[in-house]
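The chain contents come next:
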Amino acid sequence: MAILDKEHLRANLDKVIWNIEEARISVSEHHIVQLVAVGKYTEVENIETLYSLGQRAFGENQVQQLKERMATLEELPLQWQMIGTLQKNKINHLIDLHPTLMQSLDSLALAQELNKKLEAKESKMDCLLQINAANEATKSGFNSQEAYDMYQQIKESCPHINLKGVMTIGAHSEDTKLIQQSFETTHAIYEKLQKEGATLCSMGMSNDYPLAIKCGSNLVRVGSALFK
Ligand SMILES: *Cc1c(COP(=O)(O)O)cnc(C)c1O
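Conventions adopted
- Residues numbered from 1 in each chain as written.
- Predicted model: local features only at pLDDT ≥ 70, side-chain atom pairs only at ≥ 80, totals over all residues.
- Heavy atoms only, no water.
- Helix = DSSP H or I, 4+ residues; strand = E, 2+ residues; numbered from the N terminus.
- Rg over C-alpha atoms; globule rule 2.2 N^0.38 Å.
- Contact = heavy atoms within 4.5 Å.
- Areas by Shrake-Rupley, 256 points an atom, 1.4 Å probe, with all protein chains shown as cover.
- Near = heavy atom within 4 Å.
- Polar contact = N/O pair within 3.5 Å; in protein donor to acceptor, adjacent residues only side chain to side chain.
- Salt bridge = Lys/Arg side-chain N within 4 Å of Asp/Glu carboxyl O.
- Buried < 20%, exposed > 50% of the residue type's maximum accessible area, 1.4 Å probe, protein only.
- Phe/Tyr/Trp six-rings, centres within 6.5 Å; stacked < 30°, edge-to-face > 60°.
- Lys NZ or Arg CZ within 6 Å of the ring centre and 35° of its normal.
- Core = buried A, V, L, I, M, F, W, Y, C linked by side-chain atoms within 4.5 Å.
- Pairing = 2+ DSSP bridges.
- Right-handed = clockwise from strand over helix to strand, strands pointing away.

Colleague: Sorry, what's going on with the overall build of the chain here?
Modeller: Tallying secondary structure elements over the chain gives nine helices and nine strands in all. Scaling as 2.2 N^0.38, a compact globule of 228 residues should have a C-alpha radius of gyration of about 17 Å, and the chain matches this with 17 Å. For the chain, the spread of C-alpha atoms along the principal axes amounts to about 50 × 40 × 35 Å. Within the chain, residue pairs in contact and separated by at least 24 positions form 60% of the contacts whose partners lie at least 6 positions apart. Accessible surface, the chain as shown: approximately 11,100 Å² in total, 48% of it carbon and sulfur.

Next comes the structure, spelled out in structure tokens:
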């Protein structure tokens, strides 16, 4: 990890924005894509610099790091998102941070526990349902067969969780076809859920965000391509 100078970060950001632009225009002029910068591999100073270049949404995959960075940069009007696996003993900490979005709701048990603790704190949280689209043993999330029904069930039984859509991590593979398939599977579920008000389809990281956008993603989570 190193502190990067502003011109270096500007060049990285320009490149990512350009790639997003190219991919989204190939879908439709009206297809808008949100960029969430993932800071987990970088120094907080670089997040601050990226803010000065216009970036507003940032994601972290650990509650502790999210908390520290929110505190360090509390003067800045940033939108903070949780994108990593949430351990049950960290739920209350996360609620107190009031993240803009929690992208990694990955089990029914977690949803129920989160809902209970939100209720106790008279709070609500915007969340995405994490889908394990390639059914990989190493990944958490709902498998693609159960995702739609689980979304309905959580919506009905967890009134303190506002479900806003879905999130997936592309298949871990060298084979572009497999990665594309995992995005298409997730997007098909999203399309069904759009009829019920879902608005966010979070897919795409540094190695695959242009492909994810072409498959319909409207939120990409990019870390290393920005902070390399
Ligand atoms: C780390 C991480 C990212 C960003 O990964 P890069 O490959 O560095 O862009 C995106 N999403 C999640 C869930 C992550 O944990």
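Colleague: Just checking my understanding: could you explain the site of the ligand for this structure?
Modeller: Every residue near the ligand is listed here: Val38, Lys40, Tyr41, Ile83, Ile169, Met205, Ser206, Arg221, Val222, Gly223 and Ser224. A distance of 2.8 Å separates an oxygen atom of the ligand from a polar atom in the backbone of Gly223. When the ligand sits alone it has 380 Å² of accessible area, and the protein chains cover 90% of it.

Colleague: What is the right way to look at the pattern of salt bridges in this model?
Modeller: Opposite charge on two side chains permits them to pair, given that their charged atoms come into close proximity. Inspection of every chain in the model, using the stated rule, returns seven salt bridges. Among the salt bridges present, the one from Arg10 reaches Glu7, with a minimum N-O distance of 3.0 Å. Of this pair, Arg10 and Glu7 are both found in helix α1 (residues 6–27), three residues apart, which corresponds to roughly one turn of the helix. Taking relative accessible area as the criterion, Arg10 reaches 34% and is therefore assigned partly exposed. The class of Glu7 is partly exposed, set by a relative accessible area of 49%. With its nearest N and O atoms 3.9 Å apart, the salt bridge here joins Glu113 to Lys116. Of this pair, Glu113 and Lys116 both sit in helix α5 (residues 108–120), separated by three residues, roughly a single helical turn. You can call Glu113 buried: its relative accessible area is 18%. Taking relative accessible area as the criterion, Lys116 reaches 52% and is therefore assigned exposed. When salt bridges that share partners are traced, they join Glu113, Lys116 and Lys117 into one network.

Colleague: Hey, could you run me through the packing of aromatic side chains in this one?
Modeller: Overall, the coordinates contain one aromatic pair when judged by the stated rule. Here the aromatic rings of Phe58 and Trp80 are separated by 5.8 Å at their centres, their planes lie at 40°, and the arrangement is tilted. Taken together, the residues Phe58 in strand β2 (residues 57–60) and Trp80 in strand β3 (residues 79–82) connect sequence positions 22 residues apart. Residue Phe58 shares its accessibility class with Trp80, and that shared class is buried. Positioned above the aromatic ring of Tyr148, the side-chain terminus of Lys192 is 4.0 Å from the ring centre.

Colleague: I'm lost on unusual backbone geometry in this one. Help?
Modeller: As a rule of thumb, non-glycine residues mostly have phi less than zero, and peptide bonds are mostly trans rather than cis. If you check the backbone angles, His98 has positive phi at about 50° while not being a glycine. Position of His98 among the secondary structure elements: in the loop between α4 (91–97) and β4 (101–105). One non-glycine residue, Asn135, lies in the positive phi region at around 50°. Secondary-structure assignment places Asn135 in the loop between β5 (125–132) and β6 (142–143).

Colleague: Got a minute to help me understand the nonpolar core in this structure?
Modeller: Grouped burial of nonpolar side chains is what soluble globular proteins tend to show. The biggest cluster of nonpolar side chains holds 64 residues, and the ones touching the most others in it are Leu50, Met102, Leu105, Leu114, Ile154 and Ile161. Other than its neighbours up to four places away in sequence, Leu50 contacts Leu9, Leu13, Ala37, Gln55, Phe58, Leu226 and Phe227. If you look at the next biggest cluster of nonpolar residues, it comprises seven residues, including Val36, Ala57, Leu101 and Met167.

Colleague: Explain the pairing of β3 to me, please; I cannot follow it from the model alone.
Modeller: Residues in a regular strand project their side chains so that they alternate between the two faces of the sheet. Here four bridges tie β2 to β3, and the two strands are oriented parallel to one another. In the sheet register, Ala57 faces β3, and the bridge partner there is Gln79. Once the chain exits β2 it traverses helix α3 (residues 63–72) before rejoining the sheet at β3, and the crossover so formed is right-handed. Alignment of β3 against β4, held across two bridges, turns out to be parallel. From the neighbouring strand, Met82 faces β4, where its bridge partner is Met102. As for the winding sense of the linkage, the β-α-β connection from β3 through α4 to β4 is right-handed.

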